[in-house]
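Residues per chain are reported as follows:
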Amino acid sequence: MKVGILSFQGSFFDHSKSIETIGYSPVFIKHDTNIQDLDALILPGGESTAMNKINNYQNIFNDLDILIKSGIPTLSTCAGTILLANQVVGGNITIPNIDIQITRNAYGRQTESFEGSVSFFDNEDIYCFIRAPKITQLLSDDVKVIAKHDSDIVGVQQKNIVALTFHPELNNDRYYLDWLHNFIKEGKNVRTF
Amino acid sequence: MKIESTDKVKKGLAEMLKGGVIMDVVNAEQAVIAEKSGAVAVMALERIPADIRADGGVARMSSVGVIQEVMDSVSIPVMAKARIGHFVEAQILDSLGIDFIDESEVLTPADEVNHINKQTFKAPFVCGATDIGEATRRIAEGASMIRTKGEAGTGNVVEAVRHMRTITNQLNEVLTCDENQLVALGKKFGAPLNVLQQIKEQNKLPVVNFAAGGIATPADAALMMQLGCDGVFVGSGIFKSGDPAERAEAIVIATTNFNDPKILGEVSKDLGEPMVGINIDTLSEEEKLAKRGW
């Protein structure tokens, strides 16, 4: 299984470690030449403004959009989720594929970054929120909440896309890796619920 | 459950900056140019290193007004410098809610023996290093990110290359030694044993390592990336050049595409004048900023 990881900048290397751990092959995506034959896609955390700017040169977001709409399992974390949101407060709409409104840096600056308990599908663990965005509105019934921190929605699924505002790749806990393994294995049949 | 400013959260921000370019800026206008050019963070300063070098005198933490102006003008993380050992400047920066503190040799040191105990702060710290001993001592003090010192404000990449090669060679020595040699290596490098053990466990430096000090062109940035740096700081190189916005963008694209000479050539075209460089040989020992730090 080949899992593409957007690698303009950000935590793409941490995601590649997760992918190697579960026995799949990470493919670092920078150009349109290496997005052929991918079985899954990951959009990592980083700075969404920088990723947008870099794409003006690399010009691959249209191809990624087609790939996502083809139905392959797609995971986004933090800035990656900002890229996929249909509405962005304090930022640009980039590859709109999830019916959510997201607010950038919603918890504040780095001094407000935290580790917090998260219910992720049917597991509870502690994950990092780093200058994290907040999912401030669900814009359609197709969006299912799959992760919460207190009352905050921190993860959603819409069709083949799972979008998170926290960083499971910095934990690589057993539950997350097992979930990721199955999510990618199910391929285009990935269940919506 | 919620705990702020943990070690993991601090090192995590550095992970998010990976593969990116951090730019020195002296006001809101430059900060906006940097953000629009694709910087992953900015360093708010009163004077860029080339001017600090030219002006002489004591270089201190920038005025709070400049730092706040920059913090208010961009949505990317904002860093600021405190003097080596000046924990009160760091306390002030921390209270402003700065995203990263650079305990920097570019400013005049406030303590000739001790660095800041960085564990006690909410903001993560980045520190300069010329070798693995310095890097690991800073990590032991709580640094969440390391950068080469290079020789700031010179536009000359030679010292950054020297520091990166030294760190890489020494790191390889640690990674390939057997456990029985670890204490002796610690003695040789002046490296705390617990950090060497972390290096062994993780099979790499436990924090992100950026290039800094003398990077002036897209090719310089790509050179440091090919040498194994995780990202790049550009100080005087951008706003001391002929066309800052264009050069900033070119360095960002070069850092992402560091392994692609064709793209590096493309973005290096028609960039205007780079900053004027200084030969390291012409600097006296006292003028070398990399000597600061212990």
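One numbering rule holds for all chains: residues counted from 1, following each sequence as written. Each chain takes a letter, starting from A, and each ligand takes a number, starting from 1, following the order in which they are written. Reporting in this predicted model follows two pLDDT cut-offs: at least 70 for local features of residues, and 80 or more for side-chain atom pairs to be given and counted; totals over whole chains, interfaces and linings ignore these cut-offs and use all residues. Calculated side-chain values reflect all of the structure's heavy atoms, with hydrogen atoms and water omitted.

Caption draft 1: Main features of the overall build of chain B. Only runs of H or I of at least four residues qualify as helices and only runs of E of at least two qualify as strands under DSSP, and these elements are numbered from the N terminus. Secondary structure summary: chain B contains 13 helices and nine strands in total. It is over C-alpha atoms that the radius of gyration is taken, and the globule rule equals 2.2 Å times the number of residues to the power 0.38. Expected size for 294 residues packed as a compact globule is a radius of gyration near 19 Å; at 18 Å, chain B falls within 12% of this value. Here the C-alpha coordinates of chain B stretch approximately 55 × 45 × 45 Å along the principal axes. Note on contacts: a residue pair qualifies if any of its non-hydrogen atoms lie within 4.5 Å across the two residues. Across chain B, every contact between residues at least 6 apart in sequence was considered, and the portion connecting residues at least 24 apart equals 66%. Between the mean site of the 30 positive side-chain charges and the mean site of the 41 negative ones, chain B shows a separation of 4 Å. Only four residue types enter the tally: Lys and Arg on the positive side, Asp and Glu on the negative side; His and the chain ends are excluded. The atom standing in for a charge is NZ when the residue is Lys, CZ when it is Arg, CG when it is Asp and CD when it is Glu.

Caption draft 2: Structural view of the pairing of strand S6 (residues 125–129) of chain B. Residues and elements named next belong to chain B. Each residue is placed in one exposure class: buried if its accessible area under a 1.4 Å probe, protein chains only, is under 20% of its type's maximum, exposed if it is over 50%, and partly exposed if it falls in between. The buried fraction of S6 amounts to five of the five residues, a majority that puts the element mostly inside the structure. In this scheme, strands are said to pair when DSSP sees at least two bridges between them. In this sheet, S6 lies alongside strand S5 (residues 100–104) in parallel orientation, the contact comprising three bridges. Across the sheet, residue Ile-101 finds its bridge partner in S6, namely Phe-125. Summarising the sheet, S6 and strand S7 (residues 145–148) pair through four bridges and their orientation is parallel. Opposite Gly-128, over in S7, you have Arg-147 as the bridge partner. The crossover handedness rule: strands pointing away from the viewer, path from first strand over the helix to second strand clockwise, crossover right-handed. Assessed by its sense of winding, the connection that carries the chain from S6 through helix H6 (residues 132–141) to S7 is right-handed.

Caption draft 3: Quick peek at the environment of Asn-259 of chain B. Residues and elements named next belong to chain B. Checked against the element boundaries, Asn-259 lands in the loop between helix H12 (244–256) and helix H13 (261–268). Judged by relative accessible area, Asn-259 falls into the exposed class, the value being 55%. Remark: the alpha-carbon pair of Asn-259 and Val-232, spanning 27 residues in sequence, is separated by 15 Å.

Caption draft 4: Spotlight on the pairing of strand S3 (residues 40–43) of chain A. Residue and element names in this part refer to chain A. Residues Ala-40 and Ile-42 of S3 are buried on one face, and the alternating residues Leu-41 and Leu-43, pointing to the opposite face, are buried as well. Here strand S1 (residues 2–6) pairs with S3 via three bridges, running parallel. Looking at S3, one finds that Gly-4 is bridged to Leu-41.

Caption draft 5: View of the sheet that holds S7 of chain B. Residues and elements named next belong to chain B. One open sheet accounts for eight strands, arranged S8-S7-S6-S5-S4-S3-S2-S9; its pairing is parallel. Sheet topology places strand S8 (208–210) and strand S9 (232–234) at the edges, where each strand pairs with a single neighbour. Ignoring which end each strand starts from, the neighbouring axes of this sheet average 30° apart. In this structure, strand S2 (residues 21–25) lies alongside strand S3 (residues 41–44), joined through four bridges in parallel fashion. By the bridge assignment, Ile-22 is partnered in S3 with Ala-41. Axis geometry follows a simple rule: fit a line to the C-alpha atoms, using only the stretch in contact for helices, then measure angles between N-to-C directions, giving values from 0 to 180 degrees. Its contacts with the sheet put helix H2 (residues 28–36) on S2 and S3, and the angle it makes with S2 is roughly 165°.

Caption draft 6: Highlighting the interface of chain A and chain B. Contacts between the two partners involve 40 residues from chain A and, on the opposite side, 45 residues from chain B. For the pairing of chain A and chain B, the buried interface totals around 3,300 Å² over both sides, and the portion due to carbon and sulfur atoms is 56%. Any carboxyl oxygen of Asp or Glu within 4 Å of a side-chain nitrogen of Lys or Arg constitutes a salt bridge here. Summed over the shared surface of chain A and chain B, the result is three salt bridges. Here Glu-249 of chain B makes a salt bridge to Lys-53 of chain A, at a shortest N to O gap of 3.3 Å. Between N or O atoms, a polar contact is any pair within 3.5 Å; within protein, one atom must be a potential hydrogen donor and the other a potential acceptor, and residues adjacent in sequence are included only when both atoms are from side chains. Here chain A and chain B share 21 residue pairs in polar contact (both at pLDDT 80 or more) between them. The greatest single-element share of the side of chain A that touches chain B, amounting to six residues, is contributed by helix H2 (residues 48–58) of chain A. Of the residues contributing to the side of chain A that touches chain B, the split by class is 12 nonpolar, 17 polar and 11 charged. By convention, the term buried area covers the 1.4 Å-probe accessible surface removed from two parts as they join, with the contributions of both added. Any residue that is not Ala, Val, Leu, Ile, Met, Phe, Trp, Tyr, Cys, Pro, Asp, Glu, Lys or Arg is counted as polar, Gly included; the first ten are nonpolar and the last four charged.

Caption draft 7: Representation of the confidence of the model for chain B. The pLDDT value expresses, per residue, how confident the predictor is, ranging between 0 and 100. For chain B, per-residue confidence averages 96 on the pLDDT scale, and 100% of positions sit at 70 or higher. Both scores are given for the predicted complex: the pTM is 0.96, the ipTM 0.95.

Caption draft 8: Summary view of the layout of surface pockets. With a 1 Å grid laid over protein atoms only, a set of points is called a cavity when a 1.4 Å probe fits there but cannot get out and a pocket when it is open yet has protein on both sides within 12 Å along at least five of seven lines; lining residues have an atom within 4 Å of a point. Grid points are joined across faces, edges and corners, and a volume is the space filled by probe spheres set on the points. Here the largest pocket is characterised by a volume of approximately 620 Å³. Forming the walls of the largest pocket are 27 residues, and the residues nearest its centre are Phe-13 of chain A together with Lys-18, Gly-228, Cys-229 and Asp-230 of chain B. For the lining of the largest pocket, the secondary structure elements donating two or more residues are helix H1 (12–21) of chain A together with helix H7 (158–176), S8 and H12 of chain B. No other element matches H7 of chain B, which puts five residues into the lining of the largest pocket. Taken together, the residues of the lining of the largest pocket sort by class into 13 nonpolar, nine polar and five charged. Counted as a void, the second largest pocket has a volume near 420 Å³. Considering the residues around the second largest pocket, the lining is formed by 16 residues, among which Asp-14 and Leu-170 of chain A together with Glu-15, Gln-202 and Lys-204 of chain B are closest to the centre.

Caption draft 9: Representation of the pattern of salt bridges. Residue and element names in this part refer to chain B. For the structure on display, the rule yields 25 salt bridges over all chains. Notably, a salt bridge pairs Lys-11 with Asp-7, separated by 3.0 Å at the nearest N-O pair. With Lys-11 and Asp-7 both in helix H1 (residues 7–17) and four residues apart, this pair spans about one turn of that helix. Relative accessible area serves as the criterion here: at 44%, Asp-7 is assigned to the partly exposed category. Because the salt bridges share partners, they merge into one network encompassing Lys-81, Asp-102, Glu-105 and Arg-147.

Caption draft 10: Just unusual backbone geometry, in detail. Residues and elements named next belong to chain A. Even without glycine at this site, Asn-105 takes up a positive phi of about 45°. Within the fold, Asn-105 resides in the loop between strand S6 (98–103) and strand S7 (114–120). Phi at Arg-131 takes a positive value of approximately 40°, unusual for a residue other than glycine. In this structure, Arg-131 sits in the loop between strand S8 (123–129) and strand S9 (134–138).

Caption draft 11: Fine view of the side chain of Asp-102 of chain B. Residues and elements named next belong to chain B. Within the fold, Asp-102 resides in strand S5. Residue Asp-102 is classed as buried on the basis of its relative accessible area of 0%. Among the polar contacts listed, one links the side chain of Asp-102 to the side chain of Lys-81, at a separation of 2.8 Å.

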